Structures are given as structure tokens and as C-alpha cells.
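Chain by chain, the residues:
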Amino acid sequence: SHPWAIRDRGAELELERRGEAPDAPRNVVTRDGVELVVSASARALPTNTVAGLYVSLFSISLTGPEASVDQWMIDGGLPPAHNPLRQSTMFAHQFAGGPVLPDELGDACVGEAFRAEFCARVTSCLVVAGGADGGGAWHVAVQVQHATHYRFEVYLGEPTQGCDERGLDPAFGQIFPWWAPPVAESAVAPRSAIAEHAALARFRV
């Protein structure tokens, strides 16, 4: 997979707000990233039910055999690899249930020397609501700055402070992709321990 140009409606609206936008239809802002589509069933998100769509992106760099790293994680009390919230659980424990705290370089990484390094790139939340027939689908765009393996985890939960309320506007996530901010800009405290509906996707850049 390779990053591609994805429209950033939020940046376009900010230019319009500042009076710096070119005349339509030339006011188009794009950024390079990867776009994923998250779907929820009517059962998971009934009509008009408001929820937080929690999204996390993790980069994974293995310096040891994958089987060895996997066993090390299981021995440390983490869920197995097929659990959709494995990395979310790791970082929730690392930061005592609070938001991820990036270092001065904007990174938030944990790992074991000569085994693996895991970095949280995105831990954010979009406020969404079930559509007229329940459920819905949202387009989420994320930045990928490193050529490595990525794991994208998502779940529904109660919205918390810091969730982006623009998701109630179809322009963000439905008509146009919603850009999930990197942890250096914004991070939301996880609620993965009480998530009922979760999924994951893996890809390599």
C-alpha cells in the first residue's frame, strides 16, 4: 500500500474562515495519507444513537521473530493477536488509562530491546450517530510517515471529552474523509476496556 492524496475538508473550511480560500471550485486541499472505511451495523448503532467512534493507528517494527514477539506479549498479559484491541490495551496500561503522552519528537512508543517497537500514531475519537435505518459508514484518513507495518483498531463507546463533534455533520466522515489527528496534535483517553463493538485492519506501507 502507498499513501495517496486525500481531500481535507477541515483545512478548506479553515481557509474560508480566514478569508484566504481561492474561489470555488479551486478551494481544494489534499494531504497524503491512507483512507479506511469503518462500518457499523444497525444493531451496533441504532437510529439516532450518538456514540464515539474511537480510532487508533499503531506502527509495528519487529526486530525479532514474530512468533517470539507474540509469545512475549502474551506472557506479559496482553490479548492474543486476533483480539481487535490488542494494541489499544497495551497503551491503555502503559499510560494508566489516560491519553497517550508523546515525547518531544511527537512519538509515543513502547517495546522491548531486540524484539519489537510499537508506536501509537493516532488515538482519536469522532462523534457519530446511527443513520435513518441505523448503522453507518465513515471514511477515516490517517497520516503514515514510515514504511512499516500498521495496525488500525476501532471501536464504539460513549463519547468523551476530546471527541471531535464534527462527525455529526455528514461533511466529516461521510461526504468527505475525516482526518484523525496524530498523537502529537491530539490524543483521547481510551475506553477500550468497556468496548462492545470493535474491529481491526492490518496493512503495510
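Let me begin by describing the structure that accompanies this report. Worth saying up front: this structure is predicted, and the values here are computed from it rather than measured. (Residues numbered from 1 in each chain as written. Predicted model: local features only at pLDDT ≥ 70, side-chain atom pairs only at ≥ 80, totals over all residues. Heavy atoms only, no water.)

1. Comments concerning the pattern of salt bridges
If you walk through the whole model with that rule in mind, you get 11 salt bridges. Glu-12 is the partner of Arg-9 in a salt bridge, and the nearest nitrogen-oxygen pair spans 2.9 Å. Note that Arg-9 and Glu-12 are positioned in helix α1 (residues 9-17) at a spacing of three residues, about one turn of the helix. The residues Arg-9 and Glu-12 share a single accessibility class, namely buried. (Salt bridge = Lys/Arg side-chain N within 4 Å of Asp/Glu carboxyl O. Helix = DSSP H or I, 4+ residues; strand = E, 2+ residues; numbered from the N terminus. Buried < 20%, exposed > 50% of the residue type's maximum accessible area, 1.4 Å probe, protein only.)

2. Side note on the sheet that holds strand β3 (residues 50-62)
Pairing within the open sheet is antiparallel, and its five strands lie in the order β4-β5-β3-β7-β9. The two strands at the open ends of the sheet, each matched to only one other strand, are β4 (109-112) and β9 (197-204). Across this sheet, the average inter-strand angle for adjacent strands is 20°, counted without regard to direction. Note that strand β7 (residues 149-157) and β9 share eight bridges and pair antiparallel. Each residue of the ladder has a partner; that of His-149, found in β9, is Arg-204. Strands in contact with helix α2 (residues 66-75) are β3, β4 and β5 (116-129); relative to β5, the strand with the most contacts, it is inclined by about 65°. (Pairing = 2+ DSSP bridges. Axes fitted to C-alpha atoms, helices over the stretch in contact; angles between N-to-C directions. Contact = heavy atoms within 4.5 Å.)

3. Here's the deal with the packing of α2 against helix α3 (residues 86-94)
For the pair α2 and α3, the least separation of the axes is 12 Å and the interaxial angle reads 50°. With respect to each other, α2 and α3 are oriented oblique. Considering how the two elements wind past one another, α2 and α3 form a crossing that is left-handed. For the pair α2 and α3, the contacting residues are Asp-70, Met-73 and Ile-74 in the first and Arg-86, Gln-87 and Met-90 in the second. Grouping the constituent residues of the contact of α2 with α3 by class yields three nonpolar, one polar and two charged. (Parallel < 35°, antiparallel > 145°, perpendicular 65-115°, else oblique. Left-handed = near helix turned anticlockwise from the far one by under 90°. Nonpolar A, V, L, I, M, F, W, Y, C, P; charged D, E, K, R; others polar.)

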